[in-house]
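# Commentary on secondary and tertiary structure
Listed below, chain by chain, are the residues.
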Amino acid sequence: MSAAGARHAYEVNRARIASLWAEARPVSEGDAAGRYLARSGAAQCTWPAALRLHPALDYWHMQADRKPVCLGQFPALLALFEVDTYPRGLQGALVPHAVALQRIYLAADGALAPVPAPVKLTGKAGPALGACARLAHADSTSRVMGMAVGIATALRIAQAARMPVWAVPDASLLAHARWPRGLRHLHVFIDACDPDQWRSAAELARKASACGLQVFPMVADLGQPDGSHGTHHTPRFTATRL
């Protein structure tokens, strides 16, 4: 794709992201997104501004003959992924730039929607490598935060570890996660059930250490929900070497 074509695609995607975000509303306890997060073990009283619920989002599926078909409308949890930009140079103020939305299509009861791929990313509205869902403000006093894969996982870890945790959408992107300026201590959380996260976690730890951060790789044992009640156990953490 030419540079002009890429810029046009970025602009089209930027407009679509802005439109979907404007159509969505904050997550609440009783809606499909709140129920999904509760079912995932991440129930809480207030939800991050980076999460919203779209009440009825079209689900498009590409058929084998390459023709798109709409399979219906579903409530969807939207997660905003951003990168920092510096329009006036590195000495100027940073401006967060929304580069993608993760859409998690849901049933009304908070289960994943019965569609071929219930979790999707929009097209990118600019260079997106390193983008994170900023599920909490980084602590400017202690300058400590964590990185994890997945929205619900990051929220569960943040509650248990009592620190801000940002999320990347999948294991391969953990290696490229960008932490905020001024950070001093980075906890890299690895889901014990996902072997694909180890290599990316090691690469992120290497980069952060090279930039002078203290890095704490942690294996997160998230456990399985109680089959009789559907409740989740509190995550347990074990320091590890990468």
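Everything that follows concerns the structure shown earlier in this document.
Here is a short report on the structure shown in this document.

So, how was this worked out
Residues numbered from 1 in each chain as written. Predicted model: local features only at pLDDT ≥ 70, side-chain atom pairs only at ≥ 80, totals over all residues. Heavy atoms only, no water. Helix = DSSP H or I, 4+ residues; strand = E, 2+ residues; numbered from the N terminus. Expected span 1.5 Å × (residues − 1). Buried < 20%, exposed > 50% of the residue type's maximum accessible area, 1.4 Å probe, protein only. Arc of directions from axis to C-beta. Contact = heavy atoms within 4.5 Å. Phe/Tyr/Trp six-rings, centres within 6.5 Å; stacked < 30°, edge-to-face > 60°. Lys NZ or Arg CZ within 6 Å of the ring centre and 35° of its normal. Pairing = 2+ DSSP bridges. Right-handed = clockwise from strand over helix to strand, strands pointing away. Salt bridge = Lys/Arg side-chain N within 4 Å of Asp/Glu carboxyl O.

### Overview of helix α4 (residues 197-210)
Because each turn of an α-helix spans 3.6 residues, side chains separated by three or four positions end up pointing in the same direction. Between the first and last C-alpha of α4 there are 20 Å, a value that for 14 residues agrees with the 20 Å anticipated at 1.5 Å per step. What α4 keeps buried is the set Q197, S200, A201, L204, A205 and A208. Viewed end-on, α4 has its buried residues packed into an arc of 140°, placing them on one side of the element. Within α4, the exposed residues directed more than 90 degrees away from the buried face are R199 and A210.

### Observations regarding the side chain of S40
Residue position: S40 is located in the loop between α2 (32-39) and β2 (51-62). The class for S40 is buried, based on a relative accessible area of 18%. Among residues more than four places away in sequence, those in contact with S40 are A152, R156 and H232.

### Details of the packing of aromatic side chains
Summed over all chains, the structure comprises two aromatic pairs. Aromatic pair Y59 and Y105: ring centres 4.8 Å apart, planes at 80°, arrangement edge-to-face. Of this pair, Y59 sits in strand β2 while Y105 sits in strand β4 (residues 95-105); the two residues are 46 residues apart in sequence, bridging distant segments of the chain. Taking relative accessible area as the criterion, Y59 reaches 1% and is therefore assigned buried. The ring of Y59 has K120 sitting right over it, with the charged end atom 4.2 Å from the ring centre.

### Re the pairing of strand β9 (residues 185-191)
Consecutive side chains of a regular strand alternate in pointing toward one face of the sheet and then the other. Judged by how many residues are buried, β9 sits mostly within the fold: six of seven residues are covered. Pairing between strand β7 (residues 144-149) and β9: four bridges, direction parallel. By the bridge assignment for β9, G146 is matched with H187. Here β9 runs beside strand β10 (residues 214-221); their pairing, made up of seven bridges, is parallel. What sits directly across from I190, in β10, is V219. Tracing the backbone out of β9, into α4 and back to the parallel element β10 gives a crossover that is right-handed.

### Quick notes on the pattern of salt bridges
Tallied over the full model, the rule gives five salt bridges. Here R14 makes a salt bridge to E11, at a shortest N to O gap of 2.9 Å. With R14 and E11 both in helix α1 (residues 3-23) and three residues apart, this pair spans about one turn of that helix. For R14, a relative accessible area of 37% puts it in the partly exposed group. Ionic pairing is found between D84 and R134, a salt bridge with its closest N-O pair at 2.8 Å. Placement of D84 in strand β3 (residues 68-85) and of R134 in the loop between β6 (132-133) and β7 is noted, with a sequence separation of 50 residues between them. Both residues of the pair, D84 and R134, belong to the buried class.

### Here we look at the environment of P48
Within the secondary structure, P48 sits in the loop between α2 and β2. Sequence-wise, P48 and A136 are 88 residues apart; in three dimensions their C-alpha atoms are separated by 6.5 Å. What P48 contacts, discounting residues up to four positions off in sequence, is L135 and L155.

### Considering the environment of Q91
Looking at where Q91 falls in the secondary structure, it is placed in the loop between β3 and β4. Counting along the chain gives 20 residues from Q91 to A111, while the straight-line C-alpha distance between them is 46 Å.

### Looking at the pairing of β7
For β7, the buried fraction is high: six of the six residues fall into the buried class. Of the two faces of β7, both are covered, the one formed by V144, G146 and A148 as well as the one formed by M145, M147 and V149. Here β7 pairs with strand β8 (residues 165-168) via four bridges, running parallel. Bridging from a neighbouring strand, V149 pairs with V168 of β8. In this fold, the crossover linking β7 to β8 by way of helix α3 (residues 151-161) has right-handed handedness.

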